[in-house]
Amino acid sequence: MALSIVVNVEEGAEYSLTRGDPHNEKVDDTQERLEGVADVCMESHYAYGLHAGFRRVMDVLGAFGVRATFSSCGRAVAESPWLAALPAEAGHEVSAHGWRWEKHAAMGEEEERGNIARTVSAIEAACGRRPSGWHTRSSASLNTRRLLMEHGGFVYDSDAYDDDLPYPLTVAGRQHIVLPYAFDTNDMRFRAGGGFVFADDFSRYCIAAFDRLYEEGATAPRMLSIGLHLRAIGRPARIGGLVSLLRHVTRHHGVWVARRIDIARHWRQVLGLPAMDDPWGPIA
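Described below are features of the structure shown in this document. Because the structure is a prediction, the values reported are computed rather than measured.

1. A few points about the overall build of the protein chain
Now for step 1: When its secondary structure is counted, the protein chain shows eight helices and nine strands.
Now for step 2: In summary, the protein chain has a C-alpha radius of gyration of 18 Å against a globular reference of 19 Å for 284 residues, a match within 12%.
Now for step 3: Taking the principal axes of the C-alpha coordinates as reference, the protein chain spans close to 55 × 45 × 30 Å.
Now for step 4: A total of 284 residues make up the protein chain; the buried ones form 54% of that total.
Now for step 5: Working note: accessible area of the protein chain is about 11,900 Å², and carbon and sulfur atoms make up 54% of it.
Now for step 6: Across the protein chain, 31 positive and 37 negative side-chain charges occur, with their mean positions spaced 3 Å apart.

2. Some thoughts on unusual backbone geometry
Now for step 1: Phi at Ser138 takes a positive value of approximately 55 degrees, unusual for a residue other than glycine.
Now for step 2: On the secondary structure map, Ser138 appears in the loop between strand S4 (133-134) and helix H5 (144-151).
Now for step 3: With phi around 55 degrees, Ala172 is a residue other than glycine that occupies positive phi space.
Now for step 4: Of note, Ala172 is situated in the loop between strand S6 (167-171) and strand S7 (174-178).
Now for step 5: Its relative accessible area of 57% is what places Ala172 among the exposed residues.

3. Some points on the side chain of Arg260
Now for step 1: Along the chain, Arg260 turns up in helix H8 (residues 260-270).
Now for step 2: As a buried residue without a salt bridge, Arg260 has its nearest oppositely charged side chain in Glu93, at a separation of 6.6 Å.
Now for step 3: A distance of 3.0 Å separates polar atoms of two side chains, one belonging to Arg260 and the other to Ser225.
Now for step 4: The contact partners of Arg260, leaving out residues within four places of it in the chain, are Ser4, Val6, Thr69, Glu93, Tyr156, Ser158, Leu179, Pro180, Tyr181 and Ser225.

4. Topic: the nonpolar core
Looking at soluble globular proteins, one finds that nonpolar side chains tend to be buried together.
Now for step 1: Core analysis: the largest hydrophobic core is formed by 38 residues, its most contacted members being Ile5, Val7, Leu61 and Phe202.
Now for step 2: Tallying contributions element by element places helix H1 (residues 40-64) first for this core, with seven residues.
Now for step 3: What Leu61 contacts, discounting residues up to four positions off in sequence, is Ile5, Val7, Val66, Ala68, Phe70, His92 and Leu246.
Now for step 4: Leu165, Val171, Ile261 and Trp280 belong to the second-largest nonpolar core, a separate cluster that totals 30 residues.

5. Notes on the side chain of His176
Now for step 1: Examined against the element boundaries, His176 turns out to sit in strand S7.
Now for step 2: Looking at His176, its side chain comes within polar contact range of the side chain of Asp157, at 2.7 Å.
Now for step 3: Aside from chain neighbours lying at most four places away, what touches His176 is Arg145, Met149, Phe154, Val155, Tyr156, Asp157, Tyr167, Pro168, Leu169, Val171 and Arg268.

6. Observations concerning the pairing of S6
Here is the key point about a regular strand: its side chains alternate between the two faces of the sheet.
Now for step 1: By the bridge criterion, five bridges tie S6 to S7 in an arrangement that is antiparallel. Across the sheet, Leu169 pairs through a bridge with His176, a residue of S7.
Now for step 2: Following S6, the chain reverses through two residues before pairing antiparallel with S7; Ala172 in that reversal takes a positive phi of roughly 55 degrees.

7. Here we look at the environment of Ser225
Now for step 1: Mapped onto the secondary structure, Ser225 falls in strand S8 (residues 223-229).
Now for step 2: On the basis of relative accessibility, which here comes to 5%, the residue Ser225 falls in the buried class.
Now for step 3: Polar contacts involving the side chain of Ser225 include one to the main-chain carbonyl oxygen of Pro180, which spans 3.3 Å.

Conventions adopted
- Residues numbered from 1 in each chain as written.
- Predicted model: local features only at pLDDT ≥ 70, side-chain atom pairs only at ≥ 80, totals over all residues.
- Heavy atoms only, no water.
- Helix = DSSP H or I, 4+ residues; strand = E, 2+ residues; numbered from the N terminus.
- Rg over C-alpha atoms; globule rule 2.2 N^0.38 Å.
- Buried < 20%, exposed > 50% of the residue type's maximum accessible area, 1.4 Å probe, protein only.
- Areas by Shrake-Rupley, 256 points an atom, 1.4 Å probe, with all protein chains shown as cover.
- Lys, Arg positive; Asp, Glu negative; His and termini not counted.
- Charge placed at Lys NZ, Arg CZ, Asp CG, Glu CD.
- Salt bridge = Lys/Arg side-chain N within 4 Å of Asp/Glu carboxyl O.
- Polar contact = N/O pair within 3.5 Å; in protein donor to acceptor, adjacent residues only side chain to side chain.
- Contact = heavy atoms within 4.5 Å.
- Core = buried A, V, L, I, M, F, W, Y, C linked by side-chain atoms within 4.5 Å.
- Pairing = 2+ DSSP bridges.

So, to be careful, I would describe these as geometric facts and stop short of saying anything about function.
This is the structure in structure tokens:
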């Protein structure tokens, strides 16, 4: 069984009139919406991930000796390069999460092509390696995978929620790996109405998913994705949920806690596909 921990890095990539965007961000813990003026309250919610959440998450991952994938928005990394540099130095993967934290579904092809290029450049400048994975916030466009192939260097994307296992797709004449993601085993459910209130709401749910997949893994390969956000799980009353989950997982034999690039690389090998050159080599 493979366990993939994804840390979403979005702080600084949210919509903000202060940063010249057409409107303010509308998704976070606060339910108040400000139109036409800067929303310093919303900006402060996101900044919590920078000031406190990042270090808390990094410390827990380090304490358990596990490696994660830091799915990073390009503008967040451009504003705070250490968000990519420090995880890369610690052996985590830094993948691409779009330029801004936004859907691509209605985005024009030229705009999307430019955003992919800007995101790759920002991550490469910050940590010295281009990203090998991509995940769009919510819905990708019908062009996203083709544009990723056109840009080059992408081994996988996570723009799917339709399976527990990776699978290959032929995109622009090449074999590409899709690593499905999950919104249920995800700290985004701490938002109002999401179902998680206490830290053990998160850990109990994720452990239940782990235990079921671990049991199934006795006869077939299985993968579980855990989604984290710096400003969400990084809160003092929530971080214990991640600790409980990792304590449970690391007590089991035969569990591979892996970066998504390692899972994608392994899946290509299992399927007999040619290896792809990527800068995120296996961890020593």
